[in-house]
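# Notes for the structure review
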Amino acid sequence: MSDQGPLIPRNREMHPDPYFPDYKTSILRSPKQALLSMESGLSEETGPTFGHSLIGALDNNLILNWSKDGTPAIGERILVHGRVLDENGRAVPNTLVEIWQANAGGRYRHKKDSYLAPLDPNFGGCGRTLTDEQGRYQFLTIRPGAYPWPNRGNDWRPMHIHFSVYGHSFGQRLITQLYFEGDPLIDRCPIAATVRNRSQLDTLVAPLDMNNSRPHDFLAYKFDIVLRGRRQTMFENKLEGM
């Protein structure tokens, strides 16, 4: 997902434990056999590619991009921005970044989401953009609400936004999550707890950025995405290399 260069070996000690009983839905899909490394082939590395001309003017504005009449989405307005960088701190330009999230009440626009919070008719919960020449991206959106999930008796997901970053083809993809600075549910979340090292978990937490906040409009959060190497992929908070 960055330019060609020597492959940096993965640090297995950074991986969450594959078997984590507190995260109940992970138990049956945790590996039972030794891991195998499989090289990517031509089809994964060369295509299909994303048509950059398909980005619309409001694709990165989740407050307005679902509205049929210009009525803005309900909730606290926030700006999420940052840079996509390679393992050496160099910008990764012209890269597709997608996000999806729950609405201000903590409900997704998905037929299987049965949480009792109402849907917002003017909020779709997804957006996309391309990084510029300096690797920068930004989204204007609504702060997502926390929501309960059927794990243990009373588990709640922290406020979070899902991120997807594409490389040179659809086979090169990073999927991860953004959490918000100061959210007390982060320390109570079994999914976040799979990241044992707190300094590694903190890389998924976006700090408040008052310098880019707009008075009487929105707060800003800065979330830089650093790619470890040209073959690196992450799934949520788990290293996956391709």
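Reading guide: rules and limits
- In this numbering scheme, every chain counts its residues from 1 along its sequence in written order.
- At least 70 in pLDDT is required for a residue's local features to be given in this predicted model, at least 80 for side-chain atom pairs to be given and counted, and no such filter applies to totals for whole chains, interfaces and linings, which use all residues.
- As a rule here, side-chain values cover all heavy atoms of the structure and leave hydrogens and water aside.
- Helical segments are the DSSP runs of H or I of at least four residues, strand segments are the runs of E of at least two, and each set is numbered from the N terminus.
- Burial classes follow relative accessibility: with a 1.4 Å probe on protein chains only, a residue under 20% of its type's maximum area counts as buried, one over 50% as exposed, and anything between as partly exposed.
- Any two residues having at least one pair of non-hydrogen atoms within 4.5 Å are treated as being in contact.
- The protein chains shown are the only cover counted for residues, whose accessible areas, like all others here, come from Shrake-Rupley with a 1.4 Å probe.
- By definition, a salt bridge exists where a carboxyl oxygen of Asp or Glu is found within 4 Å of a side-chain nitrogen of Lys or Arg.
- Only the six-membered ring of Trp is used, alongside the rings of Phe and Tyr, when aromatic pairs are assigned; centres must lie within 6.5 Å, and planes under 30 degrees apart are stacked while those over 60 apart are edge-to-face, with the rest tilted.
- Geometrically, a charge over a ring is one whose NZ (Lys) or CZ (Arg) sits within 6 Å of the ring centre while staying within 35 degrees of the ring normal.
- Side-chain atoms within 4.5 Å link the members of a nonpolar core, which is a set of buried Ala, Val, Leu, Ile, Met, Phe, Trp, Tyr and Cys residues.
- UniProt positions are given in the numbering used here, feature names are shortened, and annotations may be inferred rather than shown by experiment.
- For the purposes of these results, a polar contact is taken to be a pair of N or O atoms within 3.5 Å, where, inside protein, one atom must be able to donate a hydrogen and its partner to accept one; residues adjacent in sequence count only when each atom of the pair is a side-chain atom.

## A closer look at the overall build of the protein
The helix and strand inventory of the protein stands at three helices and 13 strands. Taken over 242 residues, the protein has a buried fraction of 43%. Put simply, 70% of the contacts in the protein that link residues at least 6 apart link residues at least 24 apart. Split by element, the accessible area of the protein, about 13,400 Å² in all, is 56% carbon and sulfur.

## Thoughts on the pattern of salt bridges
Summed over the entire model, instances satisfying the criterion amount to 11 salt bridges. Here Asp22 makes a salt bridge to Arg152, at a shortest N to O gap of 3.8 Å. In this pair, Asp22 sits in the segment before α1 (42-46) while Arg152 sits in the loop between β5 (147-149) and β6 (155-157), placing the two residues 130 residues apart along the sequence. Given a relative accessible area of 38%, Asp22 falls into the partly exposed group. On the accessibility criterion, Arg152 (36% relative accessible area) is partly exposed. The closest approach of N and O atoms between Asp217 and Arg77, which form a salt bridge, is 2.7 Å.

## Observations concerning the packing of aromatic side chains
For any pair of aromatic rings, geometry is given as the distance between the ring centres together with the angle between the planes. In total, this model carries eight aromatic pairs according to the counting rule given. An angle of 55° between the planes, with centres 6.0 Å apart, marks the rings of Tyr137 and Phe139 as tilted. According to the relative accessible area criterion, Tyr137 is buried, its value standing at 4%. One aromatic cluster is present, formed by Tyr137, Phe139, Phe163 and Phe223 through successive ring pairs. Over the aromatic face of Trp66 sits the side chain of Lys68, whose NZ or CZ is 4.9 Å from the ring centroid. The ring of Phe180 carries Arg143 above its face, with NZ or CZ at 5.3 Å from the centroid.

## Thoughts on the side chain of Ser26
Turning to its location among the elements, Ser26 is positioned in the segment before α1. Beyond its immediate sequence surroundings of up to four residues, Ser26 is in contact with Pro18 and Phe20.

## Quick look at the nonpolar core
Grouped together as the largest cluster of nonpolar side chains are 29 residues, with contacts concentrated most on Val84, Phe163, Leu178 and Ile225. Breaking this core down by element, the ones donating at least two residues are β1 (77-85), β2 (96-101), β4 (136-142), β7 (160-166), β8 (173-180) and β10 (219-222). Residues in contact with Leu178, not counting those within four places in the same chain, are Val80, Met159, His160, Ile161, Phe163, Leu204, Ala206 and Phe223. Tyr179, Ile186, Ile191 and Ala192 belong to the second-largest nonpolar core, a separate cluster that totals 12 residues.

## Notes on unusual backbone geometry
Here Asn94, not a glycine, exhibits a phi torsion of approximately 55°, which is positive. By the element assignment, Asn94 lies in the loop between β1 and β2. Overall, the relative accessible area of 39% leaves Asn94 in the partly exposed class. Phi is positive for His216, close to 60°, though the residue is something other than glycine.

## A closer look at the UniProt feature "domain: Intradiol ring-cleavage dioxygenases" (unreviewed entry) in the protein
Per the UniProt record, "domain: Intradiol ring-cleavage dioxygenases" (unreviewed entry) is found at residues 80-108. Here residues 80-108 is 0% helix and 41% strand, with 19 Å between the C-alpha atoms at its ends.

## Concerning the environment of His110
Position of His110 relative to the elements: it lies in the loop between β2 and β3 (126-130). Given a relative accessible area of 48%, His110 falls into the partly exposed group. In this structure the side chain of His110 is engaged in a polar contact, spanning 3.0 Å, whose partner is the backbone nitrogen of Lys112.

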